[in-house]
Amino acid sequence: MRTEKQSGLEGVVAASTRLSRVDGEAGQLILAGYAVEEIAPRARFEEMVHLLWYGRLPDAGELKKLTADLSSRRGLPVPTLALLREAAQNSLPAMDALRMAVGTLRLGRPESPEEDARTLIASFPTIVGAFWRLRNSLEPLQPRRDLTHVEYCLYQIFGGEVGKQRARGLATYLNTVCDHGLNASTFAARVIVSTHSDLISAVTGAIGALKGPLHGGAPGPALDMVFEIGTPERAEEVILSKLARGERLMGFGHRIYRARDPRADVLAAEAERFYATAGDRDLYALARGVERVALRVLAERKPGRRLDTNVEFYTALLLHGLGIPKELFTSTFAIARVAGWTAHCLEQLRDGRLIRPESEYIGPVGLRFESSAAGPN
Ligand code: ACO
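All values reported here derive from a predicted model rather than from experimental measurement.

Asker: Report on the overall build of the chain, specifying residues and quantitative values.
Answerer: For the chain, the count of helices and strands is 16 helices and three strands. Whereas a compact globule of 377 residues would reach a radius of gyration of roughly 21 Å, the chain reaches 22 Å, a difference of no more than 12%. Taking the principal axes of its C-alpha atoms as reference, the chain extends roughly 75 × 55 × 45 Å. Put simply, 76% of the contacts in the chain that link residues at least 6 apart link residues at least 24 apart. In the structure as shown, the chain presents an accessible area of about 18,400 Å², 52% of it carried by carbon and sulfur atoms. Of note, the chain has its 48 positive side-chain charges centred 1 Å away from the centre of its 45 negative side-chain charges.

Asker: Please set out the nonpolar core residue by residue, giving values where relevant.
Answerer: Counting residues in hydrophobic clusters, the biggest one holds 113 residues, and the most contacted among them are V102 and F124. The two domains that each donate at least three residues to this core are domain 1 (20–213 + 325–351) and domain 2 (219–322).

Asker: Residues and numbers for the site of the ligand, please.
Answerer: The immediate surroundings of the ligand are formed by 21 residues, with R248, L249, G251, F252 and R305 found nearest. A distance of 3.4 Å is found between a nitrogen atom of the ligand and a backbone nitrogen or oxygen belonging to L214. One of the side-chain nitrogen or oxygen atoms of K302 is found 3.2 Å away from an oxygen atom of the ligand. When the residues that make up the shell around the ligand are grouped by side-chain class, the tally is 11 nonpolar, five polar and five charged.

Asker: Give me the domain arrangement of the chain: which residues, what numbers.
Answerer: One can read the domain layout of the chain as domain 1 (20–213 + 325–351) and domain 2 (219–322). For domain 1 and domain 2, the distance between their C-alpha centres works out to 25 Å. Contact residues are listed per partner, giving 29 residues for domain 1 and 29 residues for domain 2. Of the roughly 2,200 Å² buried between domain 1 and domain 2, counting both surfaces, carbon and sulfur atoms make up 67%. Contact with domain 2 buries surface across domain 1, with Q165, Y173 and F329 losing the most and accounting together for 26% of the total. Between the two partners, domain 1 and domain 2, sit two salt bridges. Between the two partners, domain 1 and domain 2, sit nine residue pairs in polar contact (both at pLDDT 80 or more). Those elements that provide at least two residues to the side of domain 1 that touches domain 2 are β1 (20–23), β2 (28–31), α1 (36–39), α8 (164–176) and α16 (329–351). The dominant element in the side of domain 1 that touches domain 2, judged by the number of residues it contributes, is α8, at eight residues.

Asker: So what about helix α14 (residues 281–301)? Which residues, and what values?
Answerer: Working note: α-helix, 3.6 residues per turn, so residues spaced by three or four point in the same direction. A rise of 1.5 Å per residue sets the reference length of α14, with its 21 residues, at 30 Å; its end C-alpha atoms lie 30 Å apart and thus fit the reference within 8%. Among all positions in α14, only L283, Y284, L286, A287, G289, V290, E291, V293, A294, V297 and L298 are buried. Looking at where α14 begins, the residue whose side-chain oxygen comes 3.1 Å from the main-chain nitrogen of D282 is D280.

Asker: Would you mind going over the packing of α8 against α16 in detail, with residue names and values included?
Answerer: Orientation of α8 relative to α16, taken along the N-to-C sense of each, is 70°, at an axis distance of 8 Å. Of the possible angle classes, the one that applies to α8 and α16 is roughly perpendicular. Along the contact surface, α8 presents L170, Y173 and L174, while α16 presents F329, T332, F333, I335 and A336.

Asker: Talk me through the sheet that holds strand β3 (residues 34–35); I want residue IDs and the actual numbers.
Answerer: Reading across the sheet, the three strands line up as β1-β2-β3 and stay open at both edges, with antiparallel pairing between neighbours. Two strands close off the open sheet at either side, each with one partner strand: β1 and β3. Pairing analysis gives two bridges linking β2 to β3, with the strands arranged antiparallel. Bridge pairing links L31 to Y34 in β3.

Asker: Pulling in residues and values, what's your account of helix α15 (residues 311–321)?
Answerer: A large share of α15 lies buried, amounting to nine of its 11 residues. Restricting attention to buried positions, one finds in α15 the residues V311, E312, F313, Y314, T315, A316, L317, L318 and L319. For α15, the side-chain oxygen to backbone nitrogen distance between the N-cap and E312 is 2.8 Å, and the N-cap itself is N310. Phi turns positive one or two residues past the end of α15, at G323, with a value near 90°.

Asker: Lay out the pairing of β1 with the relevant residues and their values.
Answerer: Two elements, β1 and β2, share four bridges in a ladder whose sense is antiparallel. Bridge assignment links V22 to a residue of β2, and that residue is L29. Hairpin connection from β1 to β2: four residues lie between these consecutive antiparallel strands, with G27 at a positive phi of about 70°.

Asker: Outline the packing of aromatic side chains, supporting the account with residue identities and numerical values.
Answerer: In total, this model carries five aromatic pairs according to the counting rule given. Between F252 and F313, the ring centres sit 5.2 Å apart and the planes meet at 50°, which makes this aromatic pair tilted. Residue F252 is located in the loop between α12 (235–244) and α13 (262–277), and its partner F313 is located in helix α15; the two are separated by 61 residues in the primary sequence. Judged by its relative accessible area of 3%, F313 falls in the buried class. With centroids separated by 5.2 Å and ring planes inclined at 80°, the aromatic side chains of F313 and Y314 adopt a geometry described as edge-to-face. Through a chain of ring-to-ring contacts, the aromatic side chains of F252, F313 and Y314 assemble into a single cluster. R74 extends its terminal NZ or CZ atom over the ring of Y152, reaching a point 4.2 Å from the ring centre. In this structure, R144 is placed above the aromatic ring of Y155, and the distance from its NZ or CZ to the ring centre is 4.7 Å.

Asker: Account for the side chain of N310, with residues named and values stated.
Answerer: When you line up the elements, N310 lands in the loop between α14 and α15. The class for N310 is buried, based on a relative accessible area of 7%.

Thresholds, definitions, all that
Residues numbered from 1 in each chain as written. Predicted model: local features only at pLDDT ≥ 70, side-chain atom pairs only at ≥ 80, totals over all residues. Heavy atoms only, no water. Helix = DSSP H or I, 4+ residues; strand = E, 2+ residues; numbered from the N terminus. Rg over C-alpha atoms; globule rule 2.2 N^0.38 Å. Contact = heavy atoms within 4.5 Å. Areas by Shrake-Rupley, 256 points an atom, 1.4 Å probe, with all protein chains shown as cover. Lys, Arg positive; Asp, Glu negative; His and termini not counted. Charge placed at Lys NZ, Arg CZ, Asp CG, Glu CD. Core = buried A, V, L, I, M, F, W, Y, C linked by side-chain atoms within 4.5 Å. Buried < 20%, exposed > 50% of the residue type's maximum accessible area, 1.4 Å probe, protein only. Domains from an automatic or database assignment. Near = heavy atom within 4 Å. Polar contact = N/O pair within 3.5 Å; in protein donor to acceptor, adjacent residues only side chain to side chain. Nonpolar A, V, L, I, M, F, W, Y, C, P; charged D, E, K, R; others polar. Buried area = accessible area lost by both parts, 1.4 Å probe. Salt bridge = Lys/Arg side-chain N within 4 Å of Asp/Glu carboxyl O. Expected span 1.5 Å × (residues − 1). Axes fitted to C-alpha atoms, helices over the stretch in contact; angles between N-to-C directions. Parallel < 35°, antiparallel > 145°, perpendicular 65-115°, else oblique. Pairing = 2+ DSSP bridges. Phe/Tyr/Trp six-rings, centres within 6.5 Å; stacked < 30°, edge-to-face > 60°. Lys NZ or Arg CZ within 6 Å of the ring centre and 35° of its normal.

Put into C-alpha cells, the structure is as follows:
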C-alpha cells in the first residue's frame, strides 16, 4: 500500500505505543495512563522507569528491587573511563562524549534487551558526571549505591550533599521529559531496533538525534537568549532583531503541539517553587517577561503558525536554577529520555515489524555511463 509523501513525516503514524500519548491540539501529554502534570511532580524516577517498562507503577517491593538493581550497575568499564578522559582532554561536547561512552557499555557485560536497558539507565549519570568532572580537571567520583537515581545524578556532577529540594526539582524534570511519543530520537531508536539490532546501538543512534538544536539542543540557546536580553525592556528589540535575521527563537514552536506544551507548565511550576526559595528571583521574572514578549511577537510575525512555548524554555530555567551547567542541559535530557528510548525499544522488539518506509526518487533516469577512468579497475 502506498500513501502520500509527508514532508518530515508530519502527521504520519509509524508505530502503536502504550508509552505516551501526545495530543498537540489539546496540549495534553499522557505518560502510560497518567497526565504529565499528575505524575511528574510526585513520582520517583525509578517509578517512571517501571511504569514505562512494565506498564504499571511498582509496589513497594518492586520499587526497592529496581532501585537496588539500577544502583548496582553504576560503575563503568575501565576503557569507558579512559575514553571519557580523552574526550575531556579534547574538550568535546558532552553529548559527543556520552555517545562514544555508551557505545562501549557492552564491554564485560552479558547481552540481552533487559540487561542493556538497565545498564543504560544506570550508567548515564556516571558517564555525564565523570565527563564533566574531567572537563573541569577533577577526578570522577566513585559510584555510590545508597542514593536514588536522581540524588546520584546530582552527586556525580557536584559531589557533597545533594539537598532534597534540588533532588525533587531534578526528579520532576526527568519525569516530565522521560518519554514523548515518536519524537526524532525515539524514532531513530525504534528504527534501529526494528532490524533486531541491540539496545546499545539503538540508544547510541538516539543520542545522535537528540543532540541537534531542533530537538534536545535548544535549552542552552534559550537560556543564552534570556541572558542576552538581560532586562525586560530589551526583550522586544532583541527578539525582533533575531527574527529579522531569520533566526528561530529557541524554546518556542513544536511539530506536534499547536497549543502550549503541557510540559512547559509542569517545569514552570517547578521552577517557580525552586526560585521562590533557592534561586535568582530576578532571572525567573525576566524569563517570564521574555516568554510573554516572544509569544506576542511570534503571533504578530508568524500569524497562523500557532507557535507557543515548548518544554525547552523552562528546561533551561529549571536546570540553570538547579545549578546544572548549560553544557550539560542536553545530556541531562538524555538521562531522562533513555527511559523512554529503552521502553520503546522493548515495545518494538515485542510488538513491532521492521520499519522501512519508501522514498520518492526525484533524480534523473536513463543516463548513459561513460567512465573517465583509464582501465577497468
Ligand atoms: N521561532 C521563529 N519561527 C519559528 C519557530 C521559532 N522557534 N518555530 C517555527 N517557526 C516558524 C518557521 O520559521 C516557519 O515559518 P515560515 O513558514 O514563515 O518559514 C513556521 O514557523 C513552521 O516551522 P517548521 O520548521 O515547519 O516547523 P516544524 O514543525 O518543522 O519545527 C521546531 C518544529 C523544529 C521545534 C521549530 O518550531 C523550531 O525550530 N523551534 C525552535 C527550536 C526548539 O525550541 N526546539 C525544541 C523543540 S522541543 C523538543 O524537541 C524536546
